[in-house]
Amino acid sequence: MLKKLFKHKFITFLILILIMAGGYFGYNKFYGKQVSVRYVTAAAEKGTLIVSVSGSGQVAVSDQADIKSKVAGEIAYIGVKNGQEIKAGTLLAKIDTRDAEKAVRDAETALETAKLELEELLSPADELTLYQAENSLTQAEESKQKAEDNIEKAYEDAFNTVTNTFLDLPTIITGLRDVLYSYEIGESEITVSRYQDNIGAYRNSFFSEDRYKLETFIEDAENNYKIARKNYNQNFENYKNASRYSEKETIETLLNETLETTKSIAETVKSETNLLDFVVDYFSSRDWKVYSKITEYQSDLKTYTGKINSHILSLLSIQRSLQDNREAIVNAERTIKEKELSLAKLKAGPDELEIRAKKIAIQQKEDVLTTAKQNLADCYIYSSFDGVVAETKVKKGDLVSAGTVIASIITKQKIAEISLNEVDVVKVKVGQKTTLTFDALPDLSISGKVIEVNTVGQVSQGVVSYGVKIALDTQDERIKSGMSITADIITDAKQDVLVLPNSAIKSQGNSYYVELVEASEEMKQQLLANVSGVILSQPPKLQPVETGLSNDLSTEIISGLKEGDIVVTSTITPNTSQTTQTQRTQGFQIPGMGGQMRIMRISR
């Protein structure tokens, strides 16, 4: 065969080429297709981050208990010494009782006062009290009568004031008409036609190009005069039909109507004064002689102004007097009602509600006294059980607060003793809260508090451990000495902080970063809803972040992200044969970080 092959070298070479080409294209078809990477994402969210350390141990029996003060004060007496054997009820110490004794005396005085008030309430009213109540009622009735007399006089003054006003109003309203519509200027001036009224005379005195300025003043004066004339005509008719013997409502209506009429006439006086002042200014600016009649009108208008203002003040004063006296009558009626009820109440004696209120006050004072006596009793600190004084924590003269340990006494109390490694124990401090669970009691979970942390560790097979004692907040009968126990000690906690899953955070030395996905809000919701991963149209952005507190699951993000930002937690690369875990590294430079990083992506 070899000889034949050598004889047909060309054919053999061609066959080899075909085999290699077929293998190449077959490999590309089945293995050479580009693999698409899917990304699993998570959102940065606000939440509570709790950091704890866990340890296991057994239930033990404490040989020491602390006796604490219930009140604050100065230690005035110490009744025991270290090593002394004591019985339940032994006085351990006394806090200065002076403030507590004063509080008891004050409470007793307040209670006695409340009892006397009830006794006084239940006693019938004496002659002097009844006389004072009757006198107060009489004074209130006299106040009402005085207000009624004043209002009668005010109505009389109101009609008199209206009458005085109408002594001047006819002259004034006529004079205002003459300023506008009489022919007096034409009759007195040879340069003015006697057949035109005063308004015509004002107009013709102005150049045609200046008359538009005058028209504003004429229009204002005419409009105000028409209103004043209409009010005057109706008001004068009502005045003629009234008398000082008319009904009070009629007189008050006439008073209000006259006040409004007088105000409208005052407006007319003002607008006509403005008109004449403008005319005089126009004449003076051209060195023309001012018509003598205009000068007379100006003098009359000044007189009208003084009279009108005086009448307005008088009318307003009467109007205010009527209102004040009406209010005085109402107030007097209220006072009379109050005094009548007070007098009737004195004569009838206290009602059930008042008696009950006084009794409640007495009960409150009794409660205060009870509390004061209890605080006084708490100044004396006794032992509640038998034992031996292990140590006195205070001395005479010390200032203590509520909760201060006075002495430690040897006793029998269940506690938990656990072991922690050297990494965890540095995070534990006395007073930290714990959660305790029991292997033998799976349904039982109780709280506790760290009461002691050993400062010297024990080495076993090269591993250092430290003992921690935890006081049980609940003494359950099912808990037996020697039972296995697991304690979760809360070492730190933060509320309302931005957190991310730990898998989303990468590190390089002391720097941290995340892969930030930039997408629309709608796309963000789709990313979070797809837990199997999605293919991104553009690669995620490398975003440096500053981290804070962290536990086994989550890490606090201090800066670099905001709530709702989407980050990559893992990547998924599908494999045609099976799902495998592969590693890919890529060099890159993060802004603000020196050197080049190597990212290791773990794909599943």
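It should be noted that the structure appears before, not after, this text.
Residues numbered from 1 in each chain as written. Predicted model: local features only at pLDDT ≥ 70, side-chain atom pairs only at ≥ 80, totals over all residues. Heavy atoms only, no water.

**Q** Would you mind going over the pattern of salt bridges with me for this structure?
**A** Close approach of charged atoms allows side chains with opposite charge to pair. Enumeration according to the criterion identifies 22 salt bridges in this entry. Among the ionic pairs, Arg98 bridges to Asp96, the shortest N-O distance being 2.7 Å. Across the salt bridge formed by Arg203 and Glu215, the nearest N and O atoms sit 2.7 Å from each other. Here Arg203 is found in helix α6 (residues 198-204), whereas its partner Glu215 is found in helix α7 (residues 211-241), with 12 residues between them in sequence. A relative accessible area of 29% places Arg203 in the partly exposed class. Glu215 sits in the partly exposed class, given a relative accessible area of 29%. The network of salt bridges with shared partners includes Glu184, Lys293 and Glu296. (Salt bridge = Lys/Arg side-chain N within 4 Å of Asp/Glu carboxyl O. Helix = DSSP H or I, 4+ residues; strand = E, 2+ residues; numbered from the N terminus. Buried < 20%, exposed > 50% of the residue type's maximum accessible area, 1.4 Å probe, protein only.)

**Q** So what exactly am I meant to see when it comes to the nonpolar core here?
**A** In globular proteins that are soluble, nonpolar side chains generally tend to be buried together. Ranked by size, the top nonpolar core spans 51 residues in total, and within it Leu176, Ile185, Tyr202, Ile265, Leu275, Val279 and Ile294 carry the most contacts. Breaking this core down by element, the ones donating at least two residues are α4 (127-181), α6, α7, α8 (248-285) and α9 (292-348). Per-element accounting of this core gives the leading share, 14 residues, to α4. Contact partners of Ile185, with chain neighbours within four places excluded, come to Val192, Asn198, Ala201, Tyr202, Tyr291, Lys293, Ile294 and Tyr297. The next biggest cluster of nonpolar side chains, apart from the first, holds 22 residues, and it includes Val53, Leu444, Tyr466 and Met483. (Core = buried A, V, L, I, M, F, W, Y, C linked by side-chain atoms within 4.5 Å. Contact = heavy atoms within 4.5 Å.)

**Q** What's the story with the packing of aromatic side chains in this structure? I'm lost.
**A** Aromatic rings considered in pairs are described by the distance between their centres and by the relative angle of their planes. Tallying each qualifying case throughout the model produces 14 aromatic pairs. Between Phe206 and Tyr282, the aromatic rings sit 3.8 Å apart at their centres with planes inclined by 15°, giving stacked as the arrangement. Of this pair, Phe206 sits in the loop between α6 and α7 while Tyr282 is found in helix α8, placing the two residues 76 residues apart along the sequence. As far as the burial class goes, Phe206 and Tyr282 line up, both buried. On the numbers, 5.6 Å between centres and 10° between planes, the contact of Tyr232 with Phe236 is stacked. With a gap of 4 residues between them, Tyr232 and Phe236 both fall in helix α7, about one helical turn apart. Cluster of aromatic residues (ring-pair linked, three or more members): Phe206, Phe207, Phe217, Phe278, Tyr282, Phe283, Trp288 and Tyr291. Stacked on the ring of Tyr282, the Lys or Arg Arg286 has its end atom at 3.7 Å from the ring centre. (Phe/Tyr/Trp six-rings, centres within 6.5 Å; stacked < 30°, edge-to-face > 60°. Lys NZ or Arg CZ within 6 Å of the ring centre and 35° of its normal.)

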